[in-house]
Amino acid sequence: MLFTEEMLGTDMDNEVARGFFEEGATLVLLGVPEGIELGLDYKTWTLGPRFRGVKMIPPGLHFLHYCSANTESTCGEIGPRRGLFLSLKPQEVIIAHWNKNNDDLDFSQNAEEVERTRDNLQELDTYLGPYPYDTLRKWVSLTDRLSQELASALQPLSGRVSFSDMVPELQLTHTKDRAEYNLPRNDRECQSMKEGLDRLPRMKQREGTELRFSHIPRQVYPPGATPAQITKYSMDLSYTLNCVLDSHYRYQPLNLLGELQFAFVCFLIGNVYEAFEHWKTLLSLLCRSEEAIKEKKDLYLGLISVLYHQLGEIPPDFFVDIVSQCNFLTSTLQDFFQFVRSPGVDSTLRKKAEKFQAHLTKKFRWDFDADLEDCAPVVVVLPDGVTVD
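Residues numbered from 1 in each chain as written. Predicted model: local features only at pLDDT ≥ 70, side-chain atom pairs only at ≥ 80, totals over all residues. Heavy atoms only, no water.

Identification of the chain as Protein AAR2 homolog from Triplophysa rosa is taken from an unreviewed UniProt entry. The UniProt entry for the chain carries this comment under Sequence similarities (unreviewed entry): "Belongs to the AAR2 family." Taken from UniProt, the Subunit (unreviewed entry) comment for the chain reads in full: "Interacts with PRPF8 (via RNase H homology domain). Component of a U5 snRNP complex that contains PRPF8." (UniProt positions renumbered as here; feature names shortened; annotations may be inferred.)

A. Quick look at the packing of helix α5 (residues 136–143) against helix α11 (residues 255–268). α11 packs onto α5 with a crossing angle of 130° between their chain directions and a minimal axis gap of 8 Å. Taken together, α5 and α11 sit at an angle that is classed as oblique. On the side of α5, the interface is formed by Trp139, Ser141, Leu142 and Thr143, while α11 contributes Gln261, Phe264, Val265 and Leu268. Class assignment for the residues of the contact of α5 with α11 results in 5 nonpolar, 3 polar and no charged. (Axes fitted to C-alpha atoms, helices over the stretch in contact; angles between N-to-C directions. Helix = DSSP H or I, 4+ residues; strand = E, 2+ residues; numbered from the N terminus. Parallel < 35°, antiparallel > 145°, perpendicular 65-115°, else oblique. Contact = heavy atoms within 4.5 Å. Nonpolar A, V, L, I, M, F, W, Y, C, P; charged D, E, K, R; others polar.)

B. The arrangement of the packing of aromatic side chains in detail. Under the counting rule described, the total for this entry stands at 16 aromatic pairs. Summarising the aromatic geometry, the rings of phenylalanine 276 and tryptophan 279 are spaced 6.2 Å apart at their centres and angled 15° between planes, so their arrangement reads as stacked. Taken together, the residues phenylalanine 276 and tryptophan 279, both in helix α12 (residues 273–287) and 3 residues apart, mark about one turn of the helix. The buried category is assigned to tryptophan 279, whose relative accessible area is 0%. Seen in terms of ring centroids, phenylalanine 337 and phenylalanine 368 are 5.0 Å apart; in terms of plane orientation they differ by 80°. Their pairing is edge-to-face. Placement of the pair is phenylalanine 337 in helix α15 (residues 328–340) and phenylalanine 368 in the segment after α16 (347–364), with a sequence separation of 31 residues. Grouping aromatic residues by their ring pairs yields a cluster made of Tyr300, Phe336, Phe337, Phe356, Phe364, Trp366 and Phe368. (Phe/Tyr/Trp six-rings, centres within 6.5 Å; stacked < 30°, edge-to-face > 60°. Buried < 20%, exposed > 50% of the residue type's maximum accessible area, 1.4 Å probe, protein only.)

Okay, structure coming up:
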């Protein structure tokens, strides 16, 4: 058999296994080449020749990810990872065929094929690997705020979560094309580093491959703000946070935590760096919104729970900047722990934050009471035409 008891991750008697087999969903993945790395949620395998899919999948949201192997390479090279979120129903059967032309799974299927496959599941059983139940608790803890609807809204229009697929902003094939845009010619010797950089094409993500995250405004203060207000809103990001919530999650503000989880999974499992940057931006926005911490108790109680599980999956030195040796996470959370001790913060939230701080200090030996350079006065750039009296 292709998969061993290790893939299942836990000992099951026959009755329990039969119950999972009968009620769980099934992914039938046909024609996937041997040697490909494929995973579901928090587990990854290198496929053997008999692989036909995964069975006994608990209903709910899952992340299927895979990367093709370079069969001509002698050093085990693999291609970029791709993934997609799937929402599976009890006893559902989903079929996908491997498309050799683009090294991807094609989920086009017809009802007749699905019913025929459903009738033959017993015959397929020895070719289907069981879902790794030893990782289910961890997967649920990382996605409990992420709904099918939210994952679909954030996933790229292409339907695949993957590394940034970049293309030139302008197709400048000939020298005369560059001249039309007042760009340096390529048929002359480069005279400076700047000129060399200017000759490089400006890149953008291929349309349809972008993760559809919430837009975070760069201007953190309202139009017409006075210098005093600009300083205030630059230190307390509550105005910006409220703008994001009003624009994207007006009726379901806790979905912002689902977006935080989506970004984390796309980075941690999907290997998408863009998602990590957005995760940091969202976290900084939430932790540095002093007034919002007082007003949105449920949002911040949920944030602590989300972070508790996420931070358990990353080495403690991961967030340390190589150059400055500054830990992004400790400086960000230091602001949060400081704000949560302010007058007017809900006592339940304050107590939970204190326990969370103690947990992080004990586990990672992070010092949240140390003076950081980030605590220096904020330098605010005023808009054109605005002066301080």
